[in-house]
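These are the residues of each chain, in order.
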Amino acid sequence: MKDALADRPLEPATVGGLLLVFALIGAPHLWHLSPLLMSVFYAALAWRGVSLIHPRLLPGRRLRGLLALAALVAVLWSVSGQLDGRALGVGLLTVMAGLKSLEVSSRRDLYVTVFLGCFLLATQFLFDQGLWISLYLAPLLVVLLGLLVRNNRVNPPPWPRALREAGWLMVAGLPMALLLFVLFSRLAGPLWALTAPAPGVTGMTDRLSPGSVSQLSQSGAVAFRVSFTGPRPPQAELYWRGPVFWDTDGRTWRAGVPLESVSRAGGVGAVWSQQVTLEPSNQRWLFALDRPLQAPPQARLSGDGQLLSAEPINTRRHYRVRSQAGVGEVRLAAADRRRALAVPESVVTARMRALVAEWRQADPRPGALVAAALRHFRHQPFVYTLRPPALPDNPVDGFLFETKRGFCEHYATSFAVLMRLAGVPTRLVGGYQGGEWNPVGEHMIVRQSDAHAWAEVWLGDRWQRVDPTAAVAPDRVEQSIDPTATTSGPMVYQGPPPSWLARLWRDGGWFVDGLALSWQRWVVGYSDRTQAGLLERLGLGWLSGYRLALAAVAAAGLGMLPLWWLLRRGEAVTPDPAQRVWQRLLVRLRAAGVDLSPNLSPSDVGRRAAARFPAQRAAIERIVGLYLAQRYGHAASSVGLRRLRAAVRRLRLRR
Amino acid sequence: MVADSQPAVRSPSADVLAPLLELAGQVLLGKQTQLQLAVSCLLARGHLLIEDVPGVGKTTLAHLLARLLGLDYGRIQFTSDMLPADILGASVYDRDQGTFRFHPGPVFAQLVLADEINRATPKAQSALLEAMEEGQVTNEGVLHPLPKPFFVIATQNPQEQVGTFPLPESQLDRFLMRIELGYPDPRAERALLAGRDRRDWLAELMPLLDTAQLLALQQATAQIHVAPALLDYAQALLGASRDTLPAGLSPRAGLGLLAAARAWAFLAGRRMVIPEDLQAVFVPVAGHRIGQQAASQLLADQPVP
């Protein structure tokens, strides 16, 4: 049936609510869209708002057309030269949603606009799928529903009641939403995986040079979060392995993989099972404890134990990985041995040669050379600091013999150069060390400030991890660096036990961080694999492929049952046959120009129709009589219904 | 009227009422609708509240109905110093018998005109309203049933007038309908002014019905068919009143609405209630409960299912 209220004008309170909710829904786009587009959007809303008080200011049809055209040009202009498809689509939708508000005057417009608002709301998730944006948008969705609730009443209920009803509708819809969320088939492909580059991301890169890690250490941004299934390794073992640096020009080290692959030895000790949620880094490295046993899907494990993703990581990535100490190559191929010993002649100075020669004289075995180097760092006045002095010419020589102040990369690179000079194959490893345990969320937060670099030396039969920084600052390995400390003096570690207020702040932070991680894991990161795992655990492992699709449809059908029952109880959906005949007649009469409001009794309808078509008066009165008897009488019959149908069919609306 | 085009058979009982309404219409000029509503109210076993300024024929209407329907008539003029005993009656010591004897008050009549009910204090008002509700009067532990039929026509002055105690909502709810008479239109007023004295005329009128017939008519009214489709409509109206107003229509109001619609349909000679019957009685039945304006608005907004 046609909605009789569709053309009814709207109350200012409804339009005001609509404008407010639009302004709030659009707000996060301030960070995503160009200022031009957002000012058009807000200007249109403001214009409509002002015209609530001064209705004459509403633009006419022609002006609205021009505005729409101008807006289209503005959108095209603002996204020109960008390859980001989102900006065009979302920009167009946002601007047009703003302009649509200028058109809203009747209930019909409001329906359209509310659906537009839902779309606008959905576009926010193209940019951010986090917990906070979801918590922000959910109440706005309730307000949109509230608009519909108000709009569907003859006398719109007051806002609080409309919102309460809308809230209940949302709650009532939740089980259904959950069911579909869990059961709906997931696409393994990147349908929603957006591939826009994440701007301004810092993190481990494929270059390591003096200063690059100390710069990272100033950032409190989260690099990744890890939870352990099973026991948690001790803090000193938390070396999160990333890129391996083989080649250097004396200043910068470049990441690479071994030239030849060799078989690997089995590990010793505990196996740590990790579940990692990695923040986008625009790099390919998946971090795992030293050393990973197997590559997670869509990644490979290189010969030297790097986990390399098939694609650069520009969205959050979840993976499970197991690690065990001692896993590694059993042999060093000749080509790789040459790489692990190469030192550019330009950086080697006489002082360095003399130092190495001294060590070799004492004991030329690799183990002894490593120990000598570490002893050197420990006994000479080396300082571990975030703000090392600049080393323009030869960083290794300058650091070793002049400044003696440096961060982990200074120690690691100098150590590596010395070892190579001494004839011990050495490579550098970048990654993270340590992390903050979140006891609330039961996971570990590893931040950029935990970035670290260390070395690995070839002891003839295996690669041994050597952390020269630990020789200078053993605390570094046990505690995290406080990224807020920016002194140029010696390193400041996280201070004395916190006061109760600071503890509360810290625990709250942990709690929130745990929530965000769960959201990422279970909502945003709910993939075809998670789905399969969950179904397996629920004993529904046989639900896959088409069976899963059928189950989703069946569940949806079951979910609809209560609704169907409710509607049936209201008896609003199944008009009796006489009523249907009558409704069709009403449509015909309206089309023939009889003015019929829906509150007219059938007798009044008959009178109006007869007044308009006096020639048909008798026929119309007969129809009214038959209809009333059929629908309101106590002896409704199929004969009466047939007669009514025949009479309506025979009625010719001619004057 | 659509009734003319109805295939429905005219009930013989309703035929009895047609001359009654016609005759009453001659006495009370230009008030046909109000007369029909008043008779519907009586048929539906409800009580009637007439609200209007003095002198527009409230008393005449009550008196007229009493005469034509053959009901014995009691009139209570409410004043501010009235006591419940003035309405209900009191026990008086009988010296001959040496006992107290109950002297029934003016409420013991088949048709009671409670004139200017809002001039009395709430105490006196509630004495009458309780009697209306219970159909009996209790005096010193003894029940005195009121006669049958028992029909109260109360009149009240518009609330703005001085010296009034407005009836609370709970007591207004006990009246099935409230109607207004309004000033007569010029032609009716001319006929009234030129015509004979109404008081004399009333005195001459002979009853057209007896009590037994009236009770039978009430019985027949209750038998009028109400289809589920009409219940849908009634419920939609009740529901809309609750959705849109702070205090909507009560279930009692809903029952009253259907009873009144049955009576209206009965008067129109139908054996079933159709939407226009409901529409005709809706504002009189709902007006004093939720307000005249709101009732009209509800009716205008609610589509006929």
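Residues numbered from 1 in each chain as written. Chains lettered and ligands numbered in written order. Predicted model: local features only at pLDDT ≥ 70, side-chain atom pairs only at ≥ 80, totals over all residues. Heavy atoms only, no water.

## Focus: the overall build of chain B
Scanning chain B for helices and strands turns up 13 helices and nine strands. In chain B, buried positions account for 52% of the 305 residues. Within chain B, contacts between residues separated by at least 24 positions form 77% of all contacts whose residues are at least 6 apart in sequence. For chain B, the accessible surface area stands at approximately 13700 Å², while carbon and sulfur atoms represent 54% of it. (Helix = DSSP H or I, 4+ residues; strand = E, 2+ residues; numbered from the N terminus. Buried < 20%, exposed > 50% of the residue type's maximum accessible area, 1.4 Å probe, protein only. Contact = heavy atoms within 4.5 Å. Areas by Shrake-Rupley, 256 points an atom, 1.4 Å probe, with all protein chains shown as cover.)

## Quick notes on the pattern of salt bridges
One pass over the structure, following the stated rule, counts 32 salt bridges over all chains. E133 of chain B is the partner of R252 of chain B in a salt bridge, and the nearest nitrogen-oxygen pair spans 3.3 Å. Taken together, the residues span a long stretch of sequence, with R252 of chain B in helix 11 (residues 251–267) and E133 of chain B in helix 5 (residues 122–134) at a distance of 119 residues. Judged by relative accessible area, R252 of chain B falls into the partly exposed class, the value being 38%. Salt bridges linked by common partners bring E237, R241, D290, R291, E329, R427, E456 and R465 of chain A together as one network. (Salt bridge = Lys/Arg side-chain N within 4 Å of Asp/Glu carboxyl O.)

## Quick word on the pairing of strand 3 (residues 89–94) of chain B
Note on strand geometry: in a regular strand, side chains alternate between the two faces of the sheet. Residue and element names in this part refer to chain B. Summarising the sheet, strand 3 and strand 4 (residues 99–104) pair through six bridges and their orientation is antiparallel. Following the sheet pairing, D94 is matched in strand 4 by T99. Between the end of strand 3 and the start of strand 4, which pair antiparallel, lie four residues, with G98 showing a positive phi angle near 75°. (Pairing = 2+ DSSP bridges.)

## Details of the confidence of the model for chain A
Residues and elements named next belong to chain A. When pLDDT is averaged along chain A, the result is 82, and 90% of the positions lie at 70 or above. Contacts for the low-pLDDT stretch residues 189–199, under 50 throughout, to residues beyond four places or in other chains number 12 contacts. Low pLDDT (under 50) marks residues 484–494, which in the prediction has 30 contacts with non-local residues, meaning those over four places away or in another chain. (pLDDT = per-residue confidence, 0-100.)

## Let's talk about the interface of chain B and chain A
The parts lose accessible area when they come together, and the size of an interface is often stated as this lost area. Facing 26 residues of chain B, the contacting portion of chain A comprises 24 residues. Put simply, chain B and chain A have one salt bridge between them. At the level of elements, helix 10 (228–244), helix 12 (275–290) and helix 13 (292–301) of chain B are the ones that each hand at least two residues to the side of chain B that touches chain A. Top element by residues in the side of chain B that touches chain A is helix 10 of chain B. It accounts for six residues. Taken together, the residues of the side of chain B that touches chain A sort by class into 15 nonpolar, six polar and five charged. (Nonpolar A, V, L, I, M, F, W, Y, C, P; charged D, E, K, R; others polar.)

## Focus: the sheet that holds strand 16 (residues 436–438) of chain A
Residues and elements named next belong to chain A. Read from one edge to the other, the open sheet built from five strands follows the order 11-6-2-17-16, with strand pairing classed as antiparallel. Strands with a single pairing partner mark the edges of an open sheet, and in this sheet they are strand 11 (317–324) and strand 16. Going across the sheet, the axis of each strand differs from the next one's by a mean of 30°, ignoring polarity. In terms of strand pairing, strand 2 (residues 222–229) meets strand 6 (residues 271–278) through six bridges, oriented antiparallel. Across the sheet, residue S227 finds its bridge partner in strand 6, namely Q275. (Axes fitted to C-alpha atoms, helices over the stretch in contact; angles between N-to-C directions.)

## Section: the nonpolar core
One broad rule of soluble globular proteins: the nonpolar side chains tend to lie buried together. Counting residues in each nonpolar core, the largest one holds 101 residues, and the members touching the most others are L17, L48, L64, I153, M177, V281 and F282 of chain B. Both domain 1 (14–216) and domain 2 (224–301) of chain B contribute no fewer than three residues apiece to this core. Ignoring any residue separated from it by four or fewer positions in sequence, one finds M177 of chain B in contact with L37, S40, C41, H47, L48, L49, A260, V281, P284, V285 and H288 of chain B. Y319, A422, A451 and A453 of chain A belong to the second largest nonpolar core, which has 69 residues in total. (Core = buried A, V, L, I, M, F, W, Y, C linked by side-chain atoms within 4.5 Å. Domains from an automatic or database assignment.)

## Brief notes about helix 2 (residues 35–53) of chain A
All names here are of chain A. With 19 residues, helix 2 should cover 27 Å at 1.5 Å per step; its first-to-last C-alpha distance of 27 Å lies within 8% of that length. Looking only at helix 2, the buried set comprises L37, M38, F41, A44, L45, R48 and S51. End-on view of helix 2: buried residues confined to an arc of 165°, all on one side of the axis. Turned more than 90 degrees away from the buried face of helix 2 sit P35 and I53, all of them exposed. Where the residues of helix 2 are buried, they touch helix 1 (12–26), helix 3 (61–79), helix 4 (85–101) and helix 5 (107–123). (Expected span 1.5 Å × (residues − 1). Arc of directions from axis to C-beta.)

## Some words on a positive patch on the surface
All names here are of chain A. On the surface, a cluster of positive charge is made up of R580, R584, R622, R642, R643, R645, R649 and R650. Every element with two or more residues in the positive patch is listed here: helix 19 (577–591) and helix 22 (638–650). Here the positive patch gets five residues from one element, more than from any other, and that element is helix 22. One can find R643 in helix 22. (Patch = residues over 30% accessible without salt bridge, like charges linked within 9 Å, V, L, I, M, F, W, Y side chains within 5 Å. Lys, Arg positive; Asp, Glu negative; His and termini not counted. Charge placed at Lys NZ, Arg CZ, Asp CG, Glu CD.)

## Examining the packing of helix 2 of chain A against helix 3 of chain A
Residue and element names in this part refer to chain A. Orientation of helix 2 relative to helix 3, taken along the N-to-C sense of each, is 160°, at an axis distance of 9 Å. Regarding the angle of helix 2 to helix 3, the classification is roughly antiparallel. The handedness of the crossing between helix 2 and helix 3 comes out as left-handed. Contacts between helix 2 and helix 3 involve L36, L37 and W47 from the former and L63, L67, A74, V75, W77 and S78 from the latter. Its residues assigned to classes, the contact of helix 2 with helix 3 comprises eight nonpolar, one polar and no charged. (Parallel < 35°, antiparallel > 145°, perpendicular 65-115°, else oblique. Left-handed = near helix turned anticlockwise from the far one by under 90°.)

## What about the pairing of strand 5 (residues 111–115) of chain B?
All names here are of chain B. Taking burial as the measure, the five residues of strand 5 include five buried ones, the bulk of the element. On strand 5, burial covers both faces: L111, L113 and D115 on one face and V112 and A114 on the other are all buried. Here five bridges tie strand 2 (residues 73–77) to strand 5, and the two strands are oriented parallel to one another. Residue pairing in the sheet places R75 in a bridge with L113 of strand 5. Relative to strand 8 (residues 151–156), strand 5 runs parallel, the two being bridged by four bridges. What sits directly across from L113, in strand 8, is I153.

## Quick word on the packing of aromatic side chains
Residues and elements named next belong to chain A. Following the criterion strictly, the structure yields 21 aromatic pairs over all chains and no others. Their ring planes at 85° and their centres at 5.9 Å tell us that W246 and W463 sit as a pair that is edge-to-face. Of this pair, W246 sits in strand 3 (residues 239–248) while W463 sits in strand 19 (residues 463–466); the two residues are 217 residues apart in sequence, bridging distant segments of the chain. Of the two residues examined, W246 and W463, each falls in the buried class. (Phe/Tyr/Trp six-rings, centres within 6.5 Å; stacked < 30°, edge-to-face > 60°.)

## A short note on the environment of V523 of chain A
Residue and element names in this part refer to chain A. Note that V523 resides in helix 16 (residues 500–524). By relative accessible area, V523 is classed as partly exposed at 30%. The sequence separation of V523 and G130 amounts to 393 residues, and the corresponding C-alpha distance is 9.3 Å. If we ignore the near neighbours within four places in the chain, the residues touching V523 are F181 and S518.

## Structural notes on the side chain of H29 of chain A
All names here are of chain A. Assignment of secondary structure puts H29 in the loop between helix 1 and helix 2. Of note is the side chain of H29, whose polar atom sits 3.5 Å from the side chain of Q124. In contact with H29, other than residues within four places in its own chain, are M38, V90, T94, L120, T123, Q124 and F127. (Polar contact = N/O pair within 3.5 Å; in protein donor to acceptor, adjacent residues only side chain to side chain.)

## Looking at the sheet that holds strand 9 (residues 299–301) of chain A
With antiparallel pairing, three strands are arranged side by side in an open sheet as 7-10-9 (chain A). Only two strands of the sheet have a single partner each, and these edge strands are strand 7 (285–286) and strand 9 of chain A.

## Quick notes on a nonpolar patch on the surface
All names here are of chain A. Residues W132, L135, V440, F511, V512 and L515 make up a contiguous nonpolar surface patch of about 560 Å² in total accessible area. Those elements giving two or more residues to the nonpolar patch turn out to be helix 6 (131–151) and helix 16. Top contributing element to the nonpolar patch by residue count: helix 16, with three residues. Within the secondary structure, L515 is located in helix 16. Of the residues examined, L515 reaches a relative accessible area of 38% and is grouped as partly exposed.

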